[in-house]
Structure formats: C-alpha cells, structure tokens
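Single-letter residue listing:
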Amino acid sequence: MPQWDQLWIDVNIATMNADNEQPYGAIHQAAIAVKDGKIAWVGKQDELPEFDALDTPIYKGHGKWITPSLIDAHTHLVFAGSRANEFEQRLNGVSYEEIARQGGGIISTVNATRQASEAELFELGRKRLNALAKEGVTTVEIKSGYGLDLDTETKMLKVARELGKHHHVDVQTTFLGAHAIPPEYKNKENGADEYVDYIINDMLPQVAKQELADAVDVFCESIAFNLEQTEKVLTAAKQHGLKIKLHSEQLTNQGGSELAAKLGALSVDHIEYLDESGVKAIAESGTCATVLPGAFYFLRETQLPPIELLRKHNVPMVVASDFNPGSSPLCSTLLMLNMACTLFKLTPEEALKGTTTNAAKALGIDDKVGSIEVGKQADFCLWDIQSPAELSYSYGVNPCLQVVKAGQLISMNS
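The model shown is predicted, which means the values in this text are computed figures rather than measured ones.

Draft legend 1. Focus on the overall build of the chain. Each helix and strand counted, the chain has 16 helices and 17 strands in total. Against the 2.2 N^0.38 benchmark of 22 Å for 414 residues, the chain shows a C-alpha radius of gyration of 21 Å, consistent with a compact globule. By its C-alpha atoms, the chain is 75 × 45 × 45 Å across when sized along the principal axes. Looking at the 414 residues of the chain, the share that counts as buried comes to 56%. Considering only intrachain contacts with a sequence separation of at least 6, the fraction spanning at least 24 residues in the chain is 71%. For the chain, the accessible area works out to roughly 17100 Å², and carbon and sulfur atoms hold 47% of it. Here the chain contributes 36 positive and 55 negative side-chain charges, whose respective centroids are spaced 2 Å apart.

Right under this line is the structure:
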C-alpha cells in the first residue's frame, strides 16, 4: 500500500504531458499523489490504488482545474529606478533621441541600479516576485544587464540568487553583461569591442567563479552587439560551462538566431524579424523560440514574430513577460497568456505550453518541472476555472486558488 504525503482528488488536470494526446494532456475526474516533493501518482480518480486514507492528507478540488505551475522564462526583474517620466515624455511628443541626450533610456536604469544597495534591490525584487507568485508562477529567470560593470552585474546576480533562497519561487539567473554599451565605452573608437573584451576577460570569469549565473545572454542587434561580438561572448560562456541564450531579431534580422542554433543555445528571444532559414536552424538544433508580447505591446511594434513558420517547423514556443522598466513594465505572466493569444494568435493551449513545458525547456530544467508527470517535482496550481482556455481568455480577476511547490502548499500571502 503506497504511503503518500498528500493526495489531491476531485480535480481535472491539464498535465501538459506530451505523451497524453488529449488537448492540454487533460485527465478529467482525476487525482494527484505527492511523495517527498515529487509527483508519485497521477491519473483518473477511479483508478487510484488502495492507500491509507486515515494517514494521508487529502485535498479536494471541487471539480476545479490543476495545471503545472507557471514559469516566466525571461525577465529583467532586478533593477532600480523608474522610467515612467520617459513614458510620459514620449506620449507628449519628446523623441527617444532627446530623452537619451537628457540621460534617459537604459542608461538611467543603469545609473539607478549602480547606486542602489543590495538591500534596496532585494526589496524591489521581492515585491515583483510576489506579484508573479500570486499568479501561480513558481520558477522565474532573472537577468542582469543594468550594471554594465563588474561590481553592479555581480551585485544584481547576487540579489537574484538571494531572492531564490528566501522565496518559494525558484530563480534561474542569467548574466547579461552584453545588454548595452556602457557610457564609459560609448564614445571610444572601438568601445564596443573593448567592452566585449572586458566582459570576457574580467566579468565572465568572476561570474563563473562565484557561481552567480546559470546562463549567459547577449543582445545581438544593430543598436547593441554584432554577430562577431556575440559569438565571442557566447563561446567564452560555454568555455566556462554556462548555458547560453540570445536576444535576437527584435528590431532587425542580424542572423543571431542561426548563430545561437550553431552554438547550441537554449533559446532565442523576441525574434520578430526571424526568417525561415533562422527558423529551420533553431528547429534543427532544438532551440526554443521565446515570444515576448509585453514588449511588442508596450513599444507598439507592428512586426509580428513568425508564428506560422515556428508551427510549421515544430519549434517549441515560449511565452514570457520580459518584465523590465523600459520596454515591458508588465509584471504579469497571466497577462502574457492573453497577449500571446490576442496579439500573436497563439492558441490557449500553445500559450499555456509556452509558460509550462516549453518554458522549462528554454531554461534547461524540463526534466524536473513544466508538466505533471510521475517523478517530476510537485509544482502545480489549482485554478478556479471551468477549462484551461480561461487562463488565456480573461484577465484581471486572479483565478489562482492554491499553489503547491515541491510538494508544499504555499500561502498566497507570501
């Protein structure tokens, strides 16, 4: 007779298990058993094996739906300062160039983040992480990239690591030193190349030595770093044993996605200008494509990512918030589900995959989380919904009733 730590009954389950050919991998009138923080049994409730009902805590779902808990696989959650004044200036007709000359744009966030203490950044990050957690998110990727010097980049990554230690949400950290060219290098003749050398020779070794990052990212774009510079950083990252990913094809087609595929990147993100040759390349390498509808919406972009091509070539599509102060100040993964459907025409099932199974794959942790399967970590949510499509359909009234993280029932007030 099995001994379980808890049992959930009277639920419908969207397992998101690819082996289950039902939409959403659904099991109706189902049950889930948890043991030692992992899923020990899942299936139809009337097929439950005999168990000790007197010694097993039982939770009743009253016909509600359980899904894997959500994963936000692309955020810039640790930063200081606000860019609301720039938002207002732009709407009053002030150009980006003029705002930049006034010290605005990414440099204003860099300056504020450099000046902030670890304690200040931690408190700001905690509030943002709480907002995601209340929507059923239990895994978040946090990038650096608003320091652009060794001290601040490592400070950001340390804060991100601490957030993961003091919160039930698991935090994956990504070093994004190659986010922009810092002001110290901006006016130098070969400033971008010199900064790349600084990243490779000074920053990366310290980040790796202190084990502050799980992955390394680069913004490969006409306004940031070119292909040659990008390849140097990503190759150096791999030499340090770090996973790699890429901001690519957001504003122009630089061919970054093909480079990322060649180097074995986990994901390419933004990808509005990705063409079919790039799609084929990431399809062959198994690289995920991360779409970021929040940035598309906030920047009022018009170039849609190539959703049909991604479908045609069976590329795993990831949906993430890109939460950041400049282009996506939208701290809501549930909102991204709706936006992915309304703006990019993903189906609700594709959107939910994008924040569960595919998001886990984009972080390299799909062997542990992302779907409800025996042996995986017991990370799941109970939702007050009548079908999984409701998670993408409506927004504003949070339907998350309960969160289970590694088998522990989490207080929604944490």
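Draft legend 2. The domain arrangement of the chain, seen in detail. Partitioning the chain into domains gives domain 1 (6-68 + 371-410) and domain 2 (70-363). Distance between the C-alpha centres of domain 1 and domain 2: 31 Å. Taken together, the 24 residues of domain 1 in the interface contact 22 residues of domain 2. For the domain 1 and domain 2 pair, buried surface summed over both sides reaches about 1700 Å², with 66% attributable to carbon and sulfur atoms. Per-residue buried area on domain 1 facing domain 2 is highest for Met16, Ser392 and Tyr395; these three make up 33% of the total on that side. Inspection of the domain 1/domain 2 interface yields one salt bridge. Across the pair aspartate 170 and lysine 405 runs a salt bridge, and its minimum N-O distance is 2.7 Å. For the side of domain 1 that touches domain 2, the secondary structure elements donating two or more residues are strand S5 (65-68), strand S15 (380-383), helix H16 (390-393) and strand S16 (400-405). The residue makeup of the side of domain 1 that touches domain 2, split by class, is 15 nonpolar, seven polar and two charged.

Draft legend 3. A look at the packing of helix H7 (residues 191-209) against helix H8 (residues 227-239). The N-to-C vectors of H7 and H8 enclose an angle of 5 degrees; their axes lie 10 Å apart at closest approach. What the angle tells us is that H7 and H8 run roughly parallel. From H7, Ala192, Asp193, Val196, Ile199, Ile200 and Leu204 reach across to H8, where they touch Gln229, Lys232, Val233, Ala236 and Ala237. Here the contact of H7 with H8 is built from residues that sort into eight nonpolar, one polar and two charged.

Draft legend 4. Molecular detail of the UniProt feature "binding site: N-formimidoyl-L-glutamate" (unreviewed entry) in the chain. Sites flagged by UniProt as "binding site: N-formimidoyl-L-glutamate" (unreviewed entry) map to Tyr146, Asn324 and Gly326. Sequence-wise these annotated residues cover 181 residues; spatially they are packed, their C-alpha atoms never more than 11.2 Å apart. When you line up the elements, asparagine 324 lands in the loop between strand S14 (317-319) and helix H13 (333-344). Relative accessible area serves as the criterion here: at 4%, asparagine 324 is assigned to the buried category. Ignoring sequence-local partners within four residues, the contact set of asparagine 324 consists of His76, Phe79, Tyr146 and Pro329. Only 2.7 Å separates the side chain of asparagine 324 from the backbone nitrogen of serine 327, close enough to count as a polar contact. Note that glycine 326 resides in the loop between S14 and H13. Owing to a relative accessible area of 17%, glycine 326 belongs among the buried residues under this scheme. Not counting residues up to four positions away in its chain, the partners in contact with glycine 326 are Arg83, Arg90 and Phe298.

Draft legend 5. Molecular detail of the nonpolar core. If you look at the biggest cluster of nonpolar residues, it comprises 96 residues, and the most contacted ones within it are Leu77, Val78, Phe175 and Leu310. Two domains each donate at least three residues to this core, and these are domain 1 (6-68 + 371-410) and domain 2 (70-363). Those residues in contact with leucine 77, other than ones at most four positions away along the chain, are Gly125, Arg128, Leu129, Leu132, Val140, Ile142, Leu163 and Phe323.

Draft legend 6. Main features of the environment of alanine 351. Among the structural elements, alanine 351 can be located in helix H14 (residues 348-354). What makes alanine 351 buried here is its relative accessible area of 0%. Linking alanine 351 and glycine 105, residues 246 residues apart in sequence, is a C-alpha distance of 31 Å. When neighbours within four sequence positions are excluded, alanine 351 is seen to be in contact with Val319, Leu337, Ala340, Cys341, Leu346 and Ser392.

Draft legend 7. Spatial organisation of the pattern of salt bridges. Enumeration over the complete set of coordinates arrives at 19 salt bridges. The closest approach of N and O atoms between aspartate 384 and lysine 64, which form a salt bridge, is 2.8 Å. Within this pair, whereas aspartate 384 is found in the loop between S15 and H16, its partner lysine 64 is found in the loop between strand S4 (58-60) and S5, the two being separated by 320 residues in sequence. Taking the relative accessible area as the measure of exposure, aspartate 384 reaches 39% and is therefore partly exposed. Through salt bridges with shared partners, a single network forms among Glu141, Lys143, Asp217 and Lys245.

Draft legend 8. Representation of the pairing of strand S13 (residues 288-291). In S13, alternate side chains face the same way, and those of Cys288 and Thr290 on one face and Ala289 and Val291 on the other are all buried. The β-α-β motif built from strand S12 (residues 267-270), the intervening helix H10 (residues 276-285) and the parallel element S13 has right-handed crossover chirality. The pairing of S13 with S14 spans three bridges and is parallel. Looking at S14, one finds that alanine 289 is bridged to methionine 317.

Draft legend 9. Seen up close, the packing of aromatic side chains. Scanning all chains against the criterion turns up 11 aromatic pairs. Taking 4.8 Å as the distance between ring centres and 20 degrees as the angle between the ring planes, the aromatic pair formed by tryptophan 8 and tyrosine 59 counts as stacked. A residue pair is termed long-range when its members are at least 10 positions apart, and tryptophan 8 in strand S1 (residues 6-14) and tyrosine 59 in strand S4 qualify at 51 residues. Take tyrosine 59: its relative accessible area is 28%, and that puts it in the partly exposed class.

Conventions and cut-offs
- Residues numbered from 1 in each chain as written.
- Predicted model: local features only at pLDDT ≥ 70, side-chain atom pairs only at ≥ 80, totals over all residues.
- Heavy atoms only, no water.
- Helix = DSSP H or I, 4+ residues; strand = E, 2+ residues; numbered from the N terminus.
- Rg over C-alpha atoms; globule rule 2.2 N^0.38 Å.
- Buried < 20%, exposed > 50% of the residue type's maximum accessible area, 1.4 Å probe, protein only.
- Contact = heavy atoms within 4.5 Å.
- Areas by Shrake-Rupley, 256 points an atom, 1.4 Å probe, with all protein chains shown as cover.
- Lys, Arg positive; Asp, Glu negative; His and termini not counted.
- Charge placed at Lys NZ, Arg CZ, Asp CG, Glu CD.
- Domains from an automatic or database assignment.
- Buried area = accessible area lost by both parts, 1.4 Å probe.
- Salt bridge = Lys/Arg side-chain N within 4 Å of Asp/Glu carboxyl O.
- Nonpolar A, V, L, I, M, F, W, Y, C, P; charged D, E, K, R; others polar.
- Axes fitted to C-alpha atoms, helices over the stretch in contact; angles between N-to-C directions.
- Parallel < 35°, antiparallel > 145°, perpendicular 65-115°, else oblique.
- UniProt positions renumbered as here; feature names shortened; annotations may be inferred.
- Polar contact = N/O pair within 3.5 Å; in protein donor to acceptor, adjacent residues only side chain to side chain.
- Core = buried A, V, L, I, M, F, W, Y, C linked by side-chain atoms within 4.5 Å.
- Right-handed = clockwise from strand over helix to strand, strands pointing away.
- Pairing = 2+ DSSP bridges.
- Phe/Tyr/Trp six-rings, centres within 6.5 Å; stacked < 30°, edge-to-face > 60°.

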